[in-house]
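As a plain string of letters, each chain reads:
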Number of protein chains: 2
Amino acid sequence: MKKLLLVFLLSPLFSVAQNEDSLFIKKIADQILTGGYAYDKLRELCKQVGPRLTGSQQMYKAEAWGIANFNKFNGVQVIAQECKIKRWVRGGADKAVATIAGKKMNLDITALGNSMGAGAKGVSAPVILINSFDELEKRKSEIKGKIVFYNAKFDNTLVETFYAYGATGRYRWMGPSRAAKYGAVGVVIRSMTHATDNHPHTGSMGYNDSFPKIPAAAMGLADADKLESAFTNNKPVSIQLNTYGHYISDSIGHNIIAEWKGSEHPEQIITIGGHLDSWDLAEGAHDDGAGCVQSMQVLQTLYSLGYQPKHTIRIVLFCNEENGGAGGDKYLEEAKVKNEKHLFALESDEGGFTPRGFTINDNGVTLKKLQSYIPLLNRYGVFSIEQGGDGADIEGLKDIGAITCGFKPDSQRYFDMHHARSDVFENVNKRELLLGAVNMTALIYLVDKYGL
Amino acid sequence: MKKLLLVFLLSPLFSVAQNEDSLFIKKIADQILTGGYAYDKLRELCKQVGPRLTGSQQMYKAEAWGIANFNKFNGVQVIAQECKIKRWVRGGADKAVATIAGKKMNLDITALGNSMGAGAKGVSAPVILINSFDELEKRKSEIKGKIVFYNAKFDNTLVETFYAYGATGRYRWMGPSRAAKYGAVGVVIRSMTHATDNHPHTGSMGYNDSFPKIPAAAMGLADADKLESAFTNNKPVSIQLNTYGHYISDSIGHNIIAEWKGSEHPEQIITIGGHLDSWDLAEGAHDDGAGCVQSMQVLQTLYSLGYQPKHTIRIVLFCNEENGGAGGDKYLEEAKVKNEKHLFALESDEGGFTPRGFTINDNGVTLKKLQSYIPLLNRYGVFSIEQGGDGADIEGLKDIGAITCGFKPDSQRYFDMHHARSDVFENVNKRELLLGAVNMTALIYLVDKYGL
């Protein structure tokens, strides 16, 4: 009898709350899907600003754009948080010409981010094909004086494409120094992609200071297949590689922050963000214009629906994620200095694709709590909230107690465009982008309303 | 104690079966994601055959292509099932020129499928904007001598975009005769899409023989917005509309069928299909080349993995879905004549997008059984199996006892390209297409192995 009474007392309350949330989330969805703010902002960012390499004029233009947009929300404080940035520049038009059994072939290449070019003279050397670091070690005596062609392929059987990226990314990041250790004079890599086109994909690398800083570039899959085929047929391959990457003097960039004070727990912070910088090859529409404008949409929607946040909500357009991470580092550093209390942080940095779910750095009570919201979200495409990765700009916040969370859109198309010239506004679908923002806004609403 | 014993006895068996299925489905996925058969076949169908309007030379070329592909499977019987088809042809280059307050503007239009053109003379008349059939009824006295512009818009708040299509599709299908009833001389409609481009989208309409068969065409959203804006600003609008649609003599098309006999229940049939015909404007890559090649992939994969089906598996490339439905009708008719036992039918006709789930015409035991397979499928993107629609070519099979099922890919991008010139191979993502085929093949494997 007691039990029945309890059920009687609790059930209506629970269903009233669920119903109220369901209705408010429907308002959120309707506002976003009809208003299209994130999509309009993405068009501006891509077409009026364009590529936003750290330290470039466009990066500063993007910062000004972010500030101007945030200034439109009365009562929201706008902060430009200074970050010291290293400034890598491409320095010239990358070029590579392969000679295969005496026949010349232009390769469509892009220098890797942070790599040092050999300039107009470039490097010219015979090429050795290496499929893995294991093979590199076994054949270390053959490396000297050569250009190493890292031919590691995406594993197409991995449905979650970020796992394929994770498995090959190390050749881009540490491949040049690993090869230089054995006397290589340059590195070319098969791009980290399963695209059906031939666009080369850049991305960060880092040198080990113990070895010469040799030039390094990526090529698209069609060119990589041609090179591989030459090796299969025992044809001699050499490459003339001209890249011009170098650093210019350090400068100052900014995290652009909109801070919306909470009414009940103003000292507790919920961060939502993406990174404002991109590579120089394209508009950075998916990476990470999408994450920026979706984060801005969270503010625009909750604000325009008259929502009063209980916790302080910060939208952060992070600086320098692609080739330094200065923005995320600075944000964490300031949080520590000011002894800030960070409740929750959500990053969108996996593209503006149709939503699938979220991952968080928890496998306990908080995960269970967030999973209980899935029935409210799955009509908008989210069926899964699991333990997993967050985002490069926010991951440090877990060290100071935050639950950090990554938005997970469908990953099938991301690496087609990632860090390539095809990452443009036209390749972002309006409804997919907006539907991602719907789920992000709904999750933030629930986290703010019910806490963690 | 007994209960415990039962758990002890059953659990390992269950988990062995689950594990065996999980491993076989992993084999299916690996074979499809690395082999890419469906994608290669779609390229052939789109680029070597092209648009496949019912009765066109390309339709016959596509049939021959289907037969040639099916003939590669030894022991699989290939059947070309004759269907009597009506042959609508576009007959000329559609054209519409609007005059808005004396200023001329070309509209990018396409005649609706099955509509009758007024030829070189065309029709020229003042335009009346009508938002709904309710408004048409209220303003019926104003319709005579006019061209009716049906301005019904997609409801962007509907996350499942087929609901938006369902709500506006009736203006395309019955709008012309509803307007002709009140004396309209032509109809133009806002295309059934939420695309951000201006491509017009065709699609079937049907006349009511009681009223004049007036010309009817669709325009893209940018043009529709311009027309609407003219009405908002009280500017007079007229249109000169030239379309040339008409019927030529009836002919014979074919359902192209591959029949793979079952080893245990050869008399029980599982049908998997898509439709081979398309509109004439584009390659019909998503609609429904994708469904055809995914269905072919089911056969190619199970066959190449050495699977022996228990039930008879039929892959059917249906004829004439777009503007007649003769293929689906004929398939059902023959099934009735031969008293065939149809266990299950699966159609893929919602595009080659990332998979979300399946819908079936059952809300009981079979639904529960299929839902129990979700844990085996969700690593490949399927999280939902619900009661719902199947597919136009197979829906009749439920009348003879089949469970009919529709594959549900993500619907956000479908109506961007549906029946428009943008429905081309380049707009199909390889991995999304293949992942759909993975889930279709896995479901067919489970249905065949365990029955319904």
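Here the structure is a predicted model, which means the values were calculated and not measured. (Residues numbered from 1 in each chain as written. Chains lettered and ligands numbered in written order. Predicted model: local features only at pLDDT ≥ 70, side-chain atom pairs only at ≥ 80, totals over all residues. Heavy atoms only, no water.)

Caption draft 1: Here's a closer look at the overall build of chain A. The helix and strand tally for chain A stands at 12 helices and 16 strands. A compact globule built from 452 residues should have a C-alpha radius of gyration of about 22 Å, and chain A, at 24 Å, falls within 12% of that. Across its three principal axes, chain A shows a C-alpha extent of roughly 85 × 50 × 40 Å. The buried share of chain A, reckoned over its 452 residues, is 61%. Contacts in chain A between residues at least 24 apart in sequence constitute 83% of all its contacts with a sequence separation of at least 6. Each charge sign in chain A was given a centre, from 50 positive and 50 negative side chains, and these centres are 3 Å apart. (Helix = DSSP H or I, 4+ residues; strand = E, 2+ residues; numbered from the N terminus. Rg over C-alpha atoms; globule rule 2.2 N^0.38 Å. Buried < 20%, exposed > 50% of the residue type's maximum accessible area, 1.4 Å probe, protein only. Contact = heavy atoms within 4.5 Å. Lys, Arg positive; Asp, Glu negative; His and termini not counted. Charge placed at Lys NZ, Arg CZ, Asp CG, Glu CD.)

Caption draft 2: Structural view of helix H7 (residues 285–304) of chain B. Most of H7 of chain B sits out of view: 18 of its 20 residues are buried. Positive backbone phi, at 75 degrees, marks Gly306 of chain B, one or two positions downstream of H7 of chain B.

Caption draft 3: Inspection of the sheet that holds strand E6 (residues 147–150) of chain B at higher detail. Residue and element names in this part refer to chain B. Strand order across the open sheet formed by eight strands is E3-E2-E9-E5-E6-E7-E8-E4, with mixed pairing between neighbours. Looking at the sheet topology across the chains shown, the edges are occupied by strand E3 (103–107) and strand E4 (109–111). Neighbour-to-neighbour, the strand axes of the sheet open up by a mean angle of 30 degrees, direction not taken into account. Examined bridge by bridge, strand E7 (residues 186–190) and strand E8 (residues 216–219) share four bridges and lie parallel to one another. Across the sheet, the residue bridging to Arg190 is Met219, located in E8. (Pairing = 2+ DSSP bridges. Axes fitted to C-alpha atoms, helices over the stretch in contact; angles between N-to-C directions.)

Caption draft 4: Expanded view of the interface of chain A and chain B. In this assembly, 29 residues from chain A lie in contact with 29 residues from chain B. For the interface between chain A and chain B, the tally reads two salt bridges. Between Glu432 of chain A and Arg413 of chain B there is a salt bridge, with the nearest N and O atoms lying 3.3 Å from each other. At the boundary of chain A and chain B, one finds 18 residue pairs in polar contact (both at pLDDT 80 or more). Counting residues per element, the ones that place at least two in the side of chain A that touches chain B are helix H1 (2–35), strand E14 (355–360) and helix H12 (430–450) of chain A. Looking at the side of chain A that touches chain B residue by residue, the class counts come to eight nonpolar, 11 polar and 10 charged. (Salt bridge = Lys/Arg side-chain N within 4 Å of Asp/Glu carboxyl O. Polar contact = N/O pair within 3.5 Å; in protein donor to acceptor, adjacent residues only side chain to side chain. Nonpolar A, V, L, I, M, F, W, Y, C, P; charged D, E, K, R; others polar.)

Caption draft 5: Layout of the packing of aromatic side chains. According to the stated counting rule, one finds 39 aromatic pairs over all chains in the structure shown. Centre to centre, the rings of Tyr39 of chain A and Phe425 of chain A are 4.8 Å apart; their planes meet at 35 degrees, and the pair counts as tilted. You can see Tyr39 of chain A sitting in helix H2 (residues 37–49) and its partner Phe425 of chain A sitting in the loop between helix H11 (414–417) and H12, a full 386 residues away along the chain. Ring centres 5.6 Å apart and planes at 70 degrees place the aromatic pair Tyr307 of chain B and Tyr445 of chain B in the edge-to-face group. With Tyr307 of chain B in the loop between H7 and strand E12 (311–318) and Tyr445 of chain B in helix H12 (residues 430–450), this pair connects stretches of sequence that are 138 residues apart. Grouping aromatic residues by their ring pairs yields a cluster made of Phe154, Phe162, Tyr165, Phe353, Tyr414 and Phe415 of chain A. A cation sits over an aromatic face here: Arg178 of chain B above Phe133 of chain B, 4.1 Å from the ring centre. Over the ring of Phe162 of chain B we find Lys408 of chain B; its NZ or CZ atom is 5.4 Å from the centre of that ring. (Phe/Tyr/Trp six-rings, centres within 6.5 Å; stacked < 30°, edge-to-face > 60°. Lys NZ or Arg CZ within 6 Å of the ring centre and 35° of its normal.)

Caption draft 6: Broad picture of the sheet that holds strand E14 (residues 355–360) of chain B. Residues and elements named next belong to chain B. With mixed pairing, eight strands are arranged side by side in an open sheet as E1-E10-E12-E11-E13-E16-E14-E15. Two strands lie at the open edges of the sheet, namely strand E1 (77–89) and strand E15 (384–387), each paired on one side alone. Direction aside, neighbouring strands of the sheet carry axes that sit 20 degrees apart on average. Judged from the five bridges that link them, E14 and strand E16 (residues 403–409) form a sheet pairing that is antiparallel. Looking at the pairing, Thr359 lines up with Gly406 of E16. In this fold helix H8 (residues 326–337) packs onto E1, strand E10 (246–260), strand E11 (265–275), E12 and strand E13 (341–347), with an angle of close to 135 degrees to the strand it touches most, E1.

Caption draft 7: View of the relation of the copies chain A and chain B. Here chain A sits on chain B after a turn of 180 degrees about the axis and a move of 0.0 Å along it, with an RMSD of 0.0 Å. Taken together, the rotation and translation describe the operation of a two-fold axis. For chain A, the smallest separation between a C-alpha atom and the rotation axis is recorded for Phe383 of chain A, amounting to 3.4 Å. Same-surface contact between copies: 100% of interface residues of chain A are shared with the interface of chain B. (Least-squares fit on C-alpha atoms with pLDDT ≥ 70 in both.)

Caption draft 8: Highlighting the pairing of E6 of chain B. All names here are of chain B. Of the two faces of E6, the one carrying Ile147 and Phe149 and the one carrying Val148 and Tyr150 are both buried. In the sheet, strand E5 (residues 123–130) pairs with E6 via four bridges, with the strands oriented parallel. Paired with Val127 across the two strands is Ile147, which belongs to E6. As a crossover connection, the stretch from E5 through helix H4 (residues 133–138) into E6 is right-handed. In this structure, E6 lies alongside E7, joined through four bridges in parallel fashion. Bridging from a neighbouring strand, Val148 pairs with Val187 of E7. With helix H5 (residues 161–180) bridging E6 and the parallel E7, this β-α-β connection has right-handed handedness. (Right-handed = clockwise from strand over helix to strand, strands pointing away.)

Caption draft 9: Summary view of H12 of chain A. Residues and elements named next belong to chain A. A rise of 1.5 Å per residue sets the reference length of H12, with its 21 residues, at 30 Å; its end C-alpha atoms lie 30 Å apart and thus fit the reference within 8%. A large share of H12 lies buried, amounting to 19 of its 21 residues. The N-capping residue of H12, defined by a side-chain oxygen 3.0 Å from the backbone nitrogen of Arg431, is Asn429. Looking one or two residues past H12, Gly451 carries a phi angle of roughly 70 degrees, positive in sign. (Expected span 1.5 Å × (residues − 1).)

Caption draft 10: Region of the structure containing the pairing of strand E12 (residues 311–318) of chain A. All names here are of chain A. Most of E12 is tucked away: eight of the eight residues are buried. By the bridge criterion, five bridges tie strand E10 (residues 246–260) to E12 in an arrangement that is antiparallel. Looking at the pairing, Ile257 lines up with Val316 of E12. Note that the unit made of strand E11 (residues 265–275), helix H7 (residues 285–304) and E12 has a crossover that is right-handed.

Caption draft 11: Quick peek at the environment of Ile403 of chain B. All names here are of chain B. In this fold, Ile403 is placed in strand E16. By relative accessible area, which is 11% here, Ile403 ends up buried. Remark: the alpha-carbon pair of Ile403 and Leu367, spanning 36 residues in sequence, is separated by 9.5 Å. When near neighbours in sequence (up to four residues on either side) are disregarded, Ile403 contacts Leu343, Phe344, Ala345, Ile360, Asn361, Asp362, Thr366 and Leu452.

Caption draft 12: Inspection of the environment of Trp260 of chain A at higher detail. All names here are of chain A. Tracing the backbone through its elements, the reader meets Trp260 in strand E10. Residue class for Trp260 comes out buried when judged on its relative accessible area of 8%. With 135 residues separating them in the primary sequence, Trp260 and Glu395 have C-alpha atoms 22 Å apart.

Caption draft 13: Structural context of unusual backbone geometry. Of note, the bond from Asp287 of chain A into Asp288 of chain A is cis; its omega dihedral lies within 30 degrees of zero at 0 degrees. Among the structural elements, Asp288 of chain A can be located in helix H7. One non-glycine residue with positive phi stands out, namely His419 of chain A, at about 65 degrees. Mapped onto the secondary structure, His419 of chain A falls in the loop between H11 and H12. Here the phi dihedral of Asn114 of chain B falls at roughly 80 degrees; this positive angle occurs in a residue that is not glycine. Position of Asn114 of chain B among the secondary structure elements: in the loop between E4 and E5. With relative accessibility at 8%, the residue Asn114 of chain B sits in the buried group.

Geometric values such as these leave the question of function open.
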